[in-house]
Amino acid sequence: MSKSGVDESRRRLLRTSFTTALAGMLGAGISSRALASEGDPDILTLPPWSKSLGKAVATNPYGQPSKYEANIVRRQSPGLTQTDQSSVSFSPLQGMFGMITASGLHFERHHQGWVDVDPRRHRLMINGLVSKPSVFTMEELMRLPSVSRIHFIECGANTGMEWGNTAVPTVQYTHGMLSCSEFTGVPLSLLLEHAGYDKARAKYVLAEGADGSSMTRTIEIGRALDDVIVAYGMNGEMLRPENGYPLRLVVPGVQGVSSVKWLRRLEVGDQPYATKDESVHYVDLMPDGQHRQYTSIQEAKSVITSPSGGQRLMTKGYYNVSGLAWSGRGTVARVDVSFDGGRNWYTAKLEGPVLPKALTRFNIGWVWDGKPAILQSRVIDSTGYVQPMKRQLKEVRGTRSVYHNNAIQSWQVAESGEVENVQIS
């Protein structure tokens, strides 16, 4: 379908959606209580909280979610790993709004459990091909010029369970190793300049964490000098312990393992370090049996979060279809949504701000007629890259990989309104 055809189809869809929205809502029974002769008791009778004195300010010195939102939590997939210390918790994408992930809901991936490091004893060392090896305390780092930027972090194994077959039911488990936050810290380029890195010989930087696994990752010097942040702040406060407190690396656009938590050392070198977590793990198994190494970029990807697997459409009528899109190579340029398994596509509205290497929220109206439907989204990023279908990705990568699955996700809506995860080519 041409772009003009897509735009016209979208306009027709929106006109139909909004002109039938009210009728759909009435048919859904949304206003039936208000229209009933006896009236709505929740309107006619004041509830208890409207007739009593509320709690005092600072009852909770650190604010907490409402008890009615207790189901919106990170969840672990039982049996995914041998130990809970080397495991994952998934963000509840289906229950979130906008582009920012609440700090307490940011996904976790640990290799030997998380630690709560004493910031007074934490140090960052810079060594290797530098003229002035340096050691910084947290106090010294926080006195340096800082930046604040919004970026996503996505585990390279996000959606990894879906390579071969449909494996998990909900978007929390298919795509929940993904979060987006405002990070504050010192540009890595400033620290490297301060240490006097060897501009002629420096090709890579090794980042090392202070946890029990001593996570180490190689980062190309060009990327290190670009937009990498040595971060201590997250969403306006200090990092949470499970997200690397008091110091972590944020490497925008690449797989999350490179954003080393509890950062303690940066070493400048002239060749890749080939550590265990980049030579044996976090590699792509190709169809010919070869391992593809140092594949860090998170390619353009999107997913509909509402409605999504495990949810149910209660009645026919209007629904706002919403989701997230992102790209490790730049910004989201456009998101298209299909309601019939990819036969027809309609351009969704992007909610601003649309930022580089950050999540972008998209929305589009849809009137469900009660018949089976298959919902999909595909993103086109600022480089022109188009998110691939499952078939297209498998033709290149096979089905034996774990990492970097950015294929189009399909949600099937049954006549009952139940939404489930399906795979179609």
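Details of the structure are given in the entry above.
Fair warning: this is a prediction, and the values are worked out from it, not measured in the lab.

### A short note on the sheet that holds strand 20 (residues 349–351)
Within the open sheet, the 4 strands sit side by side as 16-17-21-20. Their pairing is antiparallel. The open sheet is flanked by strand 16 (301–306) and strand 20, the only strands paired with a single partner. Taken over all neighbouring pairs, the strand axes of this sheet differ in orientation by 30 degrees on average, direction set aside. Sheet topology note: the strand 17 (residues 317–326)/strand 21 (residues 360–368) ladder contains 9 bridges and is antiparallel. By the bridge assignment for strand 21, Ala-325 is matched with Thr-360.

### With respect to the environment of Asp-277
Locating Asp-277 in the fold gives a position in helix 8 (residues 276–279). Among the residues examined, Asp-277 registers a relative accessible area of 3% and is labelled buried. Residues Asp-277 and Arg-217, spaced 60 residues apart in sequence, show a C-alpha to C-alpha distance of 7.2 Å. Once you skip the residues sitting within four places of it in the chain, Asp-277 turns out to touch His-111, Met-215, Thr-216, Arg-217 and Tyr-282.

### Regarding the nonpolar core
One recurring pattern in soluble globular proteins is that nonpolar side chains are buried together. The biggest cluster of nonpolar side chains holds 51 residues, and the ones touching the most others in it are Val-230, Leu-263 and Leu-266. Not counting residues up to four positions away in its chain, the partners in contact with Val-230 are Leu-124, Gly-185, Val-186, Leu-188, Leu-191, Leu-247, Arg-248, Leu-249, Leu-263 and Leu-266. Counting 36 residues, the second-largest nonpolar core is a separate cluster that includes Cys-180, Trp-326, Phe-339 and Ala-358.

### Quick word on the pattern of salt bridges
One side chain can pair with another of opposite charge once the charged atoms of both are near each other. Evaluated as defined, the whole model comprises 18 salt bridges. One salt bridge connects Glu-108 with Arg-74, and the closest N-O pair in it is separated by 3.6 Å. Of this pair, Glu-108 sits in strand 3 (residues 108–109) while Arg-74 is found in the loop between helix 3 (41–44) and strand 1 (75–76), placing the two residues 34 residues apart along the sequence. Between Glu-208 and Arg-264 there is a salt bridge, with the nearest N and O atoms lying 2.8 Å from each other. A residue pair is termed long-range when its members are at least 10 positions apart, and Glu-208 in strand 8 (residues 204–209) and Arg-264 in strand 13 (residues 263–269) qualify at 56 residues.

### Comments concerning helix 6 (residues 188–195)
Looking only at helix 6, the buried set comprises Leu-188, Leu-191, Leu-192 and Ala-195. Relative to the axis of helix 6, the buried residues are bounded by an arc of 100 degrees and lie together on one face. Count one or two residues on from helix 6 and you reach Gly-196, which has phi positive near 70 degrees.

### Here we look at the packing of aromatic side chains
All told, the structure shown has 4 aromatic pairs when counted by the stated rule. Site record: aromatic cluster; members linked through ring pairs are Phe-339, Tyr-346 and Trp-366. The side chain of Arg-217 reaches across the aromatic face of Tyr-282, ending 5.5 Å from its centre. Residue placement shows Arg-378 over the ring face of Trp-345; its charged tip is 4.2 Å from the ring centre.

### Focus on unusual backbone geometry
Cis geometry is found at the peptide bond from Tyr-245 to Pro-246, where omega equals 10 degrees. You can see Pro-246 is positioned in the loop between strand 11 (237–238) and strand 12 (248–250). Cis rather than trans, the peptide bond between Gly-352 and Pro-353 has omega equal to -5 degrees. For Pro-353, the position within the fold is in the loop between strand 20 and strand 21. Its identity as a non-glycine residue notwithstanding, Ala-274 has a phi of 50 degrees, on the positive side. Position of Ala-274 relative to the elements: it lies in the loop between strand 13 and helix 8.

### With respect to the side chain of Asp-40
With respect to the helices and strands, the residue Asp-40 is situated in the loop between helix 2 (32–35) and helix 3. Of note is the side chain of Asp-40, whose polar atom sits 2.9 Å from the backbone nitrogen of Asp-42.

### Description of the state of the cysteines
Counted under the stated rule, the structure contains 0 disulfides. Distance from the sulfur of Cys-155, which forms no disulfide, to the nearest cysteine sulfur (Cys-180) is 16 Å.

How each quantity is defined
- Residues numbered from 1 in each chain as written.
- Predicted model: local features only at pLDDT ≥ 70, side-chain atom pairs only at ≥ 80, totals over all residues.
- Heavy atoms only, no water.
- Pairing = 2+ DSSP bridges.
- Helix = DSSP H or I, 4+ residues; strand = E, 2+ residues; numbered from the N terminus.
- Axes fitted to C-alpha atoms, helices over the stretch in contact; angles between N-to-C directions.
- Buried < 20%, exposed > 50% of the residue type's maximum accessible area, 1.4 Å probe, protein only.
- Contact = heavy atoms within 4.5 Å.
- Core = buried A, V, L, I, M, F, W, Y, C linked by side-chain atoms within 4.5 Å.
- Salt bridge = Lys/Arg side-chain N within 4 Å of Asp/Glu carboxyl O.
- Arc of directions from axis to C-beta.
- Phe/Tyr/Trp six-rings, centres within 6.5 Å; stacked < 30°, edge-to-face > 60°.
- Lys NZ or Arg CZ within 6 Å of the ring centre and 35° of its normal.
- Polar contact = N/O pair within 3.5 Å; in protein donor to acceptor, adjacent residues only side chain to side chain.
- Disulfide = S-S within 2.5 Å.

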